[in-house]
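# Coordinate inspection notes
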Amino acid sequence: IIQGDKMKKIIALILVLLVVACSKKTEETEKVLYLFNWSDYMPQEILDEFYEETGIKVIMDSYASNEEMYTKIAAGSSSYDIIFPSADYQEIMIKQDMLEKIDKTKIPNIAQLNKEIISKIDFDSNLDFTIPYAVGATGIAVNKKYVKDYKKSYEIFEDAKLKGRMTLLDDGREVLTSALAYNGLDPRTSDDVSLNKAKETILKWKNNIVKFDSESFGKGFANEEFWVVQGYYENIVAQIDEANRGDFDFFIPEKGGTMYIDSMVIPKGAKNIENAYIFMNYIHKPEVYAKIVDYFEIPSINDGAEKVRKTKAPYTLSELNKTTLLKDLGSALEKHNYIWNEIKSSN
């Protein structure tokens, strides 16, 4: 006969073992997908509806820069199934064998992708490693209530009348590439004369800006602290009240404009690759992708979505042809970084 206290201990042990067994079973059967994405770059509605349709739970971490993402992945983090690097880091990660090759037969909706955009990804023209997620341009926003006369050019940053009311991105790739192209120079150059010319131009701009800012330019523009900002349309318009949109102008400069292509990629070591394929294919369902471009008000790279979207993008895919896609600089990167550090540290 088992005594009372001993019986209690046995029952307690059995309960613990049952809980552990149930937990293990849940972990084994629950379908999950781990994303590593830019902050606020995926509408929650999409993730919720994906779960409802597939039963796959999406767990997402975020990063603020390509450098932050790359550092974590390069350090050996294999906990993510999909990440969203920009073109330059896609190219770097392909060269360094950091990405899984994609089985495109499992993503039939890539047939919806715009051919013009695919042609720009010349380092992965067959989409063996990258599935484009979104494209856009870095442009200039102007508050027309305070700035009446201006050229749609980076020349606006040389206007001393606007001193203390303007910002440029705190991003060497963006600013230096823009200055090189503005001067008619090769945006990927390693030539010292060209880089110094760009440096002189940026120092003129720097004399009139409040600061280099990649975080608060949208809010600062919306609350009228800044009247002219270099930045991304989707980050700016998200901060502006509907009633004030009439005062907001956003343009891609004829010289110096840059563009980005952010893509979905699968890092080596991903554990839920089949779920990653299901997600990539889901994203490019036209009716799903239309919700994404409507949410951010950006151009659609999905031709089917373009036909059913409800909003209009501020610029077309064709207009991006006058911009420079930021790609891997290779050996020139060290010189670009050096020049940028000189610019940032100058008084």
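Below: a short report on this structure. This structure is a prediction, so every number in the text was calculated from the model and none was measured.

### Considering the sheet that holds strand β1 (residues 31-38)
The three strands are arranged β2-β1-β3 in an open sheet whose pairing can be described as parallel. A single partner strand is all that each edge strand has here, and the edge strands are β2 (56-63) and β3 (82-83). Pairing analysis gives two bridges linking β1 to β3, with the strands arranged parallel. Its bridge partner being in β3, Phe36 is matched across the sheet by Ile83.

### A word on the nonpolar core
In this structure, Tyr133 and Phe279 are the most contacted members of the largest nonpolar core, which totals 79 residues. The contact partners of Phe279, leaving out residues within four places of it in the chain, are Leu33, Leu35, Met42, Leu47, Phe50, Val58, Ile82 and Met264. Leu195, Ile202, Ile339 and Ile343 belong to the second-largest nonpolar core, a separate cluster that totals 26 residues.

### Structural notes on the packing of aromatic side chains
Following the criterion strictly, the structure yields 23 aromatic pairs and no others. Ring centres 4.9 Å apart and planes at 85 degrees place the aromatic pair Tyr295 and Phe296 in the edge-to-face group. What makes Tyr295 exposed here is its relative accessible area of 55%. Taken together, the aromatic side chains of Tyr41, Phe84, Tyr133, Tyr295 and Phe296 make up a single cluster linked through ring pairs. When the ring centre of Phe36 is taken as origin, the NZ or CZ atom of Lys72, which lies over that ring, is 5.1 Å away. The residue whose ring lies beneath Lys255 is Tyr182, and the NZ or CZ to ring-centre distance is 5.6 Å.

### Quick notes on helix α3 (residues 66-74)
If you check which residues of α3 are buried, you get Asn66, Met69, Tyr70 and Ile73. Buried residues in α3, looked at end-on, bunch into an arc of 95 degrees, giving them a common side. On its buried face, α3 sits against β1, β2, β3 and α4 (87-95). Two residues or fewer after α3 comes Gly76, characterised by a positive phi angle close to 110 degrees.

### Considerations on the environment of Glu215
Position of Glu215 among the secondary structure elements: in the loop between β6 (211-212) and α8 (217-222). Look at Glu215 and you get exposed, because its relative accessible area is 79%. On a C-alpha basis, the gap between Glu215 and Ala64 in space is 9.2 Å, while along the polypeptide they are 151 residues apart.

### Examining the pattern of salt bridges
For the structure shown, the criterion picks out 22 salt bridges. What emerges from the salt-bridge pattern is a single network uniting Glu45, Glu49 and Lys291.

### Considerations on helix α13 (residues 333-345)
Across its 13 residues, α13 extends 18 Å between first and last C-alpha, which sits within 8% of the 18 Å expected from 1.5 Å per residue. The set of residues buried in α13 consists of His336, Ile339, Trp340 and Ile343. The buried residues of α13 occupy one face: seen down the axis, they fall within an arc of 100 degrees. Facing away from the buried side of α13 by over 90 degrees, the exposed positions are Glu334, Tyr338, Asn341 and Ser345. Contact partners of the buried residues in α13: α6 (172-182), α7 (192-206) and β6.

### Side note on the environment of Gly136
The residue Gly136 is located in strand β4 (residues 131-143) in this model. Between the alpha carbons of Gly136 and Ala313 there is a distance of 9.9 Å; along the sequence they are 177 residues apart. Sequence-distant contacts of Gly136, defined by excluding residues within four places in its chain, comprise Thr258, Met259, Tyr260, Tyr315 and Leu320.

### Notes on unusual backbone geometry
Located in the positive-phi region is Asp97, a residue other than glycine, with phi close to 55 degrees. As for its placement among the helices and strands, Asp97 is situated in the loop between α4 and α5 (115-120). The phi angle at Leu127 is positive, at roughly 55 degrees, despite the residue not being glycine. Structurally, Leu127 can be placed in the loop between α5 and β4.

### Notes on the side chain of Asn114
Summarising the element assignment, Asn114 is placed in the loop between α4 and α5. You can call Asn114 buried: its relative accessible area is 13%. Reaching out from Asn114, the side chain makes a polar contact with the backbone nitrogen of Glu116 at a distance of 2.9 Å. Once you skip the residues sitting within four places of it in the chain, Asn114 turns out to touch Ile301, Asp303 and Leu317.

### Comments concerning the pairing of strand β9 (residues 258-264)
Across the seven residues that make up β9, a large majority, seven, are buried. Residues Thr258, Tyr260, Asp262 and Met264 of β9 are buried on one face, and the alternating residues Met259, Ile261 and Ser263, pointing to the opposite face, are buried as well. Sheet topology note: the β4/β9 ladder contains seven bridges and is antiparallel. Residue Pro132 lies in a different strand from β9, and its bridge partner there is Ser263. Two elements, β9 and strand β10 (residues 324-325), share two bridges in a ladder whose sense is parallel. Opposite Thr258, over in β10, you have Thr324 as the bridge partner.

Rules of the game
Residues numbered from 1 in each chain as written. Predicted model: local features only at pLDDT ≥ 70, side-chain atom pairs only at ≥ 80, totals over all residues. Heavy atoms only, no water. Pairing = 2+ DSSP bridges. Helix = DSSP H or I, 4+ residues; strand = E, 2+ residues; numbered from the N terminus. Core = buried A, V, L, I, M, F, W, Y, C linked by side-chain atoms within 4.5 Å. Buried < 20%, exposed > 50% of the residue type's maximum accessible area, 1.4 Å probe, protein only. Contact = heavy atoms within 4.5 Å. Phe/Tyr/Trp six-rings, centres within 6.5 Å; stacked < 30°, edge-to-face > 60°. Lys NZ or Arg CZ within 6 Å of the ring centre and 35° of its normal. Arc of directions from axis to C-beta. Salt bridge = Lys/Arg side-chain N within 4 Å of Asp/Glu carboxyl O. Expected span 1.5 Å × (residues − 1). Polar contact = N/O pair within 3.5 Å; in protein donor to acceptor, adjacent residues only side chain to side chain.

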